[in-house]
Structure formats: structure tokens, C-alpha cells
2 protein chains.
Amino acid sequence: MTRPLKIAFAGLGTVGGGVVKALQKRSEILEARAGRPLEIVGMCARSRHKSRGFEVTNWVDDPQALAAGDADVIVELIGGEDGPALALSEAALESGKHVVTANKALLARHGAHLAALAESKGLALRFEAAVAGGIPIVKSLRESLIAYGVVTVRGILNGTCNYILTQMEATGRSFEEVLSDAQHLGYAEADPTLDVGGGDTAHKLALLAGLAFGMTPDLDHMPVEGIAHISPEDIAFAREFGYRIKLLGIAKATAQGIDQRVQPAMVKAGTPLADVDGAFNAVMAVANDAGPFFFEGRGAGEAPTANAVIADLVDIARGNMGPAFGIPAHSLISLSPAPAGSAVSAFYLRFQVLDVPGVLAEIAGHLAKWRVSIESMIQRGRAPSEAVSIVMITHETKHADVQRALKTIALSDKVIAPPCMIPMEAR
Amino acid sequence: MTRPLKIAFAGLGTVGGGVVKALQKRSEILEARAGRPLEIVGMCARSRHKSRGFEVTNWVDDPQALAAGDADVIVELIGGEDGPALALSEAALESGKHVVTANKALLARHGAHLAALAESKGLALRFEAAVAGGIPIVKSLRESLIAYGVVTVRGILNGTCNYILTQMEATGRSFEEVLSDAQHLGYAEADPTLDVGGGDTAHKLALLAGLAFGMTPDLDHMPVEGIAHISPEDIAFAREFGYRIKLLGIAKATAQGIDQRVQPAMVKAGTPLADVDGAFNAVMAVANDAGPFFFEGRGAGEAPTANAVIADLVDIARGNMGPAFGIPAHSLISLSPAPAGSAVSAFYLRFQVLDVPGVLAEIAGHLAKWRVSIESMIQRGRAPSEAVSIVMITHETKHADVQRALKTIALSDKVIAPPCMIPMEAR
């Protein structure tokens, strides 16, 4: 048991640096947990001589060289769904090395392939840090919520989006203004597309759905909508109806197949997901008879993410070697997607219209034609002839029917902006 | 990998029956997760011929006989901190069998001893079902929140108490009335002492503290207070101040030692623990730099608890064999308790007094003498000469100082009931 676990790092940014520092500072207690020493035998990053707050040792210039080195585990923190991250992961597994990664894009695309490769070699592929930062949701879905199956997973998986939505609510300011502030504060990337467009949430949701349903992660059947079109008005109306708007990754097992999507949704105030503020992440998993489970924690940052990587390393040191997605890669099913638009929920709808006679009749007529029935409505008066907002909450309706009705309504010359539709997601 | 894991059950009540049914109904998927079949080779319970909804096979009359049988794992669901549960667990480990148990009382008293025995034999001792039902908090503290250490654990660990407090708040009725209803509905035991007196929470807290601090579970240095003295008036005042009353198990690492206690506490409305309703359980663990983690789920019942036992069995089938409390039993530290009363917090105080001149001056005088300063106060008028309630929120104060002040105040002939003190616990 005293042979060290030899670890090599490809990538020494926030996550990698955090892991190195924690391994150095807390080596004694981590050795007790791992049952043997955790030894760093290789480091590699874009720039060797950057100031990092720790000593760079065992440097190599080319990450691919790590696969040929004497490490037992490669920690892949390069990023990107193909290219060097994929090449290194494949080469590492081919040459008998475990892989720990925080790379959701890589695994959302190649997770099943890499899991199969790992299992064929008797190796571990671990990725706790790829989803929801420090929250042990990957391990929980893989090893804990297993006896009754999981029917639904809903997650707040992108801290940047949740921070922006929380700030929009707190200040009443627009998406653009809050995003720009977040960029200045370093809470959002210079190019925020992957975050605010929902792509990052999609990668993470694909992994959670794979774990929950014993399924090959699948980005090809996943509608993805970001938060750029959410207005302060929508957030204010949501509050008036007793809801908060959150960007959710949603995966549900339905009678017609798996329904997975990334979408801003109305979440009822006072339920756990609604109360998740700022950069925190959270996941609600409904495990059939075993009921709902709720997990919340920091979604990003050095310590939460490094914590997740270290938990994976300790698992490997201990010989905890189960399959990456909880069942053998060859038994992972392929996604049978629920037909597009077959999901049923209530909706929040907002129409910006000219304040002229007949506009409400016209909108109501189109909704009725598609059997979309209205539960409640708010219309706020403004100065005569100015644009006004008509806001409705529908009864439960097929998504496709609402989409069809809105398509026709959008063609009206009395409707001056694309209608906004946001589903209400129950607990 | 195809040799089955042979399992024997001592106890076939709600938990054991649930595990047997799930193993029978979902054998294929559980075999995929476990990497090998999970085979039942022994069953034992108080009564053989009770109707249970599944076939009883491989019956033995004496639970102790299971230790001599051919099982790989004994699932101990007898209950009780000594007696047959302890004898069976020791005999099972002595004869080379892993032990899975839901028995918090047993482990709170003998956890470190049984862990050491298991490790000396290279065996697993697992107890996910012992704390917070289906919530994977034991695994998360043991394997996931490990890189930075844990400083605080706060939990709502007893569903009966949380149900009673939730009902008292919803209906305005007294503890006795709500308890009596809960007993009729089967939500509370005929003898509710272990639940409402805080003892069950204490057992669970001892295990969480052991896992969080790498410590021998210790019931001897843990003040325990139940909920029987909480009045509808306290709950109403709490709401007025923006708080809810919850029975918490609290374990904190402080500069003076570990402060662990079971106590009704004021939890700020809108924070995750305050929103835990009914029979749900929840745990907030603060993992230093990695931040707060929050877990919520069903705390009891067949499926949640059976789910936890099955997760432990699958871990053992896979060979996940780390030490019971995360670090080797011989390195578990002994509790260094923080001095009694050294904890600091704000307090809710309620005095039932005669409405006569000078009573407030007298109370205020005694509080001032012990340096307890008041942040806010409510006094409600009633008919002249009737008893009135004086309610105060203090600034942060040492528990011992408040206790000393109240002791003197209770002696006053103007104070007609023992004063009520409830600490405010921040997130």
C-alpha cells in the first residue's frame, strides 16, 4: 500500500494550480485518505515561467510526452473537445495510465469512447470536476442514487449565467449591462458565448444525463437556449407570479424517450433551485421511489474544482475503479430522444404589442387555435399608442403547440418584437 | 468478476425488506453497476412468517448464525447500541465478513472499535443508511469533501422532529397536539423519546463529526436538547424576526476544540436549512476554501434507506474498501471538546412574566450583569395583570453567560415559567 500514486498534470491554470498547492500543503492527511503518498511526477502547461504560487517541478514541454512518462494518472486540464486534450487522453489510456479530467466538452463528445477504452485496459476515467465544481454529483449519480433509477435531473450548472440572472433581478439592469460588469470583475469571460449561450451547461447536462440514465452522452439531441434574450421585464413579471428565472439543464425520462434541453425556466420561488444565488451551482435529481435529492455548492473556482480532482485521485489511489458512467461502457444505451416539442408544461408568454384595438383578440385567437389555454394574464397600461407588454401564464401545454402559435403571432403587424416563451419547471 | 457477492440480512423490517425487494426487482441493472451478481444467502428476523411482500429464503433462526455462514457481507439491521447488533457485527468481522449497517446507535458508541476491527481484517464497514436516509452524506464526507478539511457540519437529521416543527408552524398547534397526531399517522413512534428528545440526532451527529474531523465518534461530550419545550409562541415570534426553528445537530471546529451539540436553533428564513420542510433531512457542510455544500433528501422510509444500503453493497462488490471514517481507524483523533458554554452566538430569549412594574428593569439588569446586550425586543400587551411574554434577540454572546443570566432571572417571583433560550445559527 505504500507505493505512491504518481500524478502528472497537463494544464496548470486555476484548477491544476489548486490541485498542486493542495497536494503540497496537505500531503499528510491526503496520504492517510489515499492509503499511500500522492506524488507529482510531471507538469506541463502553456507557459513554464509564469508566477504560480508554487514551484514547478518535473516539467515537460509537450503534454503528449506525459503519456509516455512514468505517471500512474494523467490529470488532463488542457480543455477543448478535440485536439491535444483528446489525443493526450487516448494516449494516456492506451499506455496504461488512468485519466482524471475537468473537461466537460471532451467527455460530452467522447465520453463513451474514452470510458470503453479505459475499461478495456482496466483503468479509471474520472471527471468529478467537470460538472458543478465541487458538488459531488458525478459520484452521487454514479455510486449512490442507483437502487431505483433516476427519472429527472435538473441543474443550475453555469455559475456565470446564474450570477448574471441574480444580478439582473437584484438591480433591474439589462443582460448587456450586467454581463459587461461581470466581465470587468472577472466573473465572465471576454468571449462569454459558451457560458451565456448555454453551451457549457449543455456539456455538463450531457454528462449528468449519461450518468443518470446509463446512456452515451449525446449533444446532438439537445435543444440549447441561452439567457441573452431574458429582459429585466421578464424577471420582474416572474417575481410578480411567484417565480424566478434560472438557466436549467433538464433531462427527463418520459414515455416517449429522453427529453433533454438547456433552457431558461421559471422556477417556483421558495423551492430549492429557485433559491440558488450568484455563482452557486445546484442539481435536483429525482430517484424514483427514493425521492428528490438536492445538492448545492460552489460551481467554479480554485478550491471547489481542485477538491473534486483530488477526490478522483484519492479514489484511484484506493483502487475505486468502477466504470466511468456507473455501468460498463458497452452497456450504455444510445439516446432515444423524446420527439421535439413533445414535452408538456405551463408557460410564461410575453408579447410586446402596439396598444391598438383587437390585438388581444388576435393573440388569443391564435393561441386558442393551437389549444393553448390561458391561466392568468397581466396587461400594463402605458401612454396611449406606446408599445405595451401582454403577459400570460398558460395551462399545461405541449411545447410544440406553443411554438406553432407564437410563430403565427409573430407575423402580426401589431406585434413589434419576437414573443418570449419560458416554461415553468416544477420542483 | 462474475463471482457473486453473497449477502445475508439480520433484520427484515422497512429497510431490510426494501433492500431485498430492490435486489430482486432490479437485479440486472444492479449487477451491471456492481460488476457481479448480488445474491441473497441468508435472512433472519424476529418473526419468520410475517407477510412481507417478498419470499423469505435461506432463513436462519439466530442472527449470530449468519456470522458462521457463507455470506461475504452481513447487513445488520437489528438495531440497538449493544446486545445482538454489536455481537453480530463483531462476529461477522472476526470471521471475515464485511458489515453494512443502518445502526447509528451502534456506530456512535462502537464505530471506531468496529472500524479498527474491519481494517485489521481488510474488510469494509459501511453505514450510509445510518445518517440522513438516502442522502449520500456519509460517502460525500468520506470520499468527496476531503481536500481542504471541513470546519462546520449542521444537519436536520431527524424527520420526526422536522415534521412536528413544520406542522406546529403550519397549524399554530402545540407540540403535544402535533406529536399525538403524528403518532396516529404513524409518523412518530409510540415512545417518541429518542426522536423528540434529540438522542437520534445525537447518534447521527456523532457519525458526521467523526467523518468530518477524522475523529472517534463521541457522545460523551455532546449537550443534547430536544424540541418538547418549543411553544407555538416561539415559532410565531421566530417568524416575526425572519427565522424558523429547526432541531439541528451542529459540529464545529473552533480554536478551543470541537463544539458539538444537538439543539433547537433559529435558522434565517430563505437560507437552505430553513426551507427544509416535513420529514426531509438536510446537511450543510462547510469545507473551508471549497465552501459550503448543501444536501437535502428524504431522511427515512423504505426506498431512501434501502437505496443507501444498496449503494454500500455495490461499493463492496466493486472492491471500494477505504476506511470506514475516511482515514485509518488508528489515526482517528479523540475529541478535544470546546469548553462547555464557550460557543458564541446571538440568542432568542423569551420570558413569561407578570405584567407588573419593574419586571423589565429586573431582567435587563441581570442580562447586563453578564454582559448580554440586546439587539431588539418585543413585548406584547395583554389584559392587565395577565402574564405577558417579553422576547429579545441578543447580540453575539457566550452561551455560558446567557445561561448564567437566565439562571438568576428564573429565580425572580415576577418570572412565572423557565425562560426559553434558542441560539441563532447563521448559514
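Quick caveat, the model's predicted, so the values are computed rather than measured. Position numbers for residues start from 1 in each chain and track the written sequence from start to end. Chains carry letters and ligands carry numbers; both start at the beginning, A for chains and 1 for ligands, and go up in the order they are written. Per-residue local features of the predicted model are confined to residues with pLDDT of at least 70, and side-chain atom pairs are confined, for both listing and counting, to 80 or more; whole-chain, interface and lining totals are unaffected and use all residues.

1. Structural notes on the environment of valine 283 of chain A
Residue and element names in this part refer to chain A.
And step 1. When you line up the elements, valine 283 lands in strand E9 (residues 280-286).
And step 2. For the pair valine 283 and valine 153, spaced 130 residues apart in sequence, the C-alpha to C-alpha distance is 7.0 Å.
And step 3. Note on contacts: residues are paired as contacts if their backbone-placed C-beta atoms lie within 7 Å. Discounting residues that sit within four places of it in the chain, valine 283 has contacts with Ala132, Ile135, Ile137, Val153, Gly155, Leu208 and Phe295. Numbering goes from the N terminus for both helices and strands, where a helix is a DSSP run of H or I of at least four residues and a strand is a run of E of at least two.

2. Observations concerning the interface of chain B and chain A
And step 1. Between chain B and chain A, the contact holds 45 residues from the first and 45 residues from the second.
And step 2. Looking at the side of chain B that touches chain A, the elements with two or more residues in it are helix H2 (27-34), helix H5 (137-144), strand E10 (292-298) and helix H11 (302-318) of chain B.
And step 3. Per-element accounting of the side of chain B that touches chain A gives the leading share, nine residues, to H11 of chain B.
And step 4. At least two bridges found by DSSP between two strands are what make those strands a pair. Note that strand E10 (residues 292-298) of chain A and E10 of chain B share three bridges and pair antiparallel. Considered in E10 of chain B, the bridge of phenylalanine 295 of chain A is made with phenylalanine 295 of chain B.

3. As for the confidence of the model for chain A
And step 1. Every residue is assigned a pLDDT by the predictor, reflecting its confidence on a scale from 0 to 100. For chain A, mean pLDDT is 95; residues scoring 70 or higher make up 98% of the total.
And step 2. Reported for the predicted complex are a pTM of 0.96 and an ipTM of 0.95.

4. Focus: the sheet that holds strand E2 (residues 38-44) of chain B
All names here are of chain B.
And step 1. Read across the open sheet, the five strands follow the order E2-E1-E3-E4-E5; overall the sheet is parallel. The strands lining the two open edges of the sheet, one partner per strand, are E2 and strand E5 (125-126).
And step 2. Where strand E1 (residues 5-10) meets E2, six bridges bridge the pair, whose relative direction is parallel. Directly across from phenylalanine 9, in E2, lies its bridge partner methionine 43.

5. Some words on the relation of the copies chain B and chain A
And step 1. When the copies are superposed, the least-squares fit draws on C-alpha atoms of residues that have pLDDT of at least 70 in both. Expressed as a screw transformation, the operator carrying chain B onto chain A has a rotation angle of 180 degrees and an axial translation of 0.0 Å, and the superposed copies differ by an RMSD of 0.0 Å. The operation mapping one copy onto its partner corresponds to a two-fold rotation axis.
And step 2. The fraction of interface residues of chain B whose copies in chain A are also interface residues reaches 100%, indicating that both copies meet through the same surface.

6. Quick word on unusual backbone geometry
Residues and elements named next belong to chain A.
And step 1. In the Ramachandran plot, asparagine 288 falls in the positive-phi region, its phi being about 50 degrees despite a non-glycine side chain.
And step 2. Mapped onto the elements, asparagine 288 comes out in the loop between E9 and E10.
And step 3. Of the residues examined, asparagine 288 has 15 C-beta atoms within 10 Å and is grouped as partly exposed.
And step 4. Of note, arginine 371 is a non-glycine position whose phi angle comes to about 60 degrees, a positive value. Counts of 20 or more other C-beta atoms within 10 Å of a residue's own C-beta define buried residues, counts of 12 or fewer define exposed ones, and intermediate counts define partly exposed ones; C-beta atoms are placed from the backbone.

7. What about helix H6 (residues 137-144) of chain A?
Given 3.6 residues to a turn, an α-helix orients residues that are three or four positions apart in the same direction.
And step 1. Burial analysis of H6 of chain A places eight of its eight residues in the buried class, which makes it a mostly covered element.
And step 2. Within H6 of chain A, burial applies to Ile137, Val138, Lys139, Ser140, Leu141, Arg142, Glu143 and Ser144 of chain A.
And step 3. Those residues of H6 of chain A that are buried lie in contact with helix H10 (199-213), E9 and E10 of chain A together with H5 and H11 of chain B.

8. Structural notes on the pairing of strand E8 (residues 257-268) of chain A
All names here are of chain A.
And step 1. The element E8 is extensively covered by neighbouring structure, given that 10 of its 12 residues are classed as buried.
And step 2. Bridge analysis of strand E7 (residues 243-254) against E8 gives 12 bridges, and the strand direction is antiparallel. Paired with arginine 244 across the strands is valine 267, a residue of E8.
And step 3. Counted along the chain from E7 to the antiparallel partner E8, the turn is two residues long.

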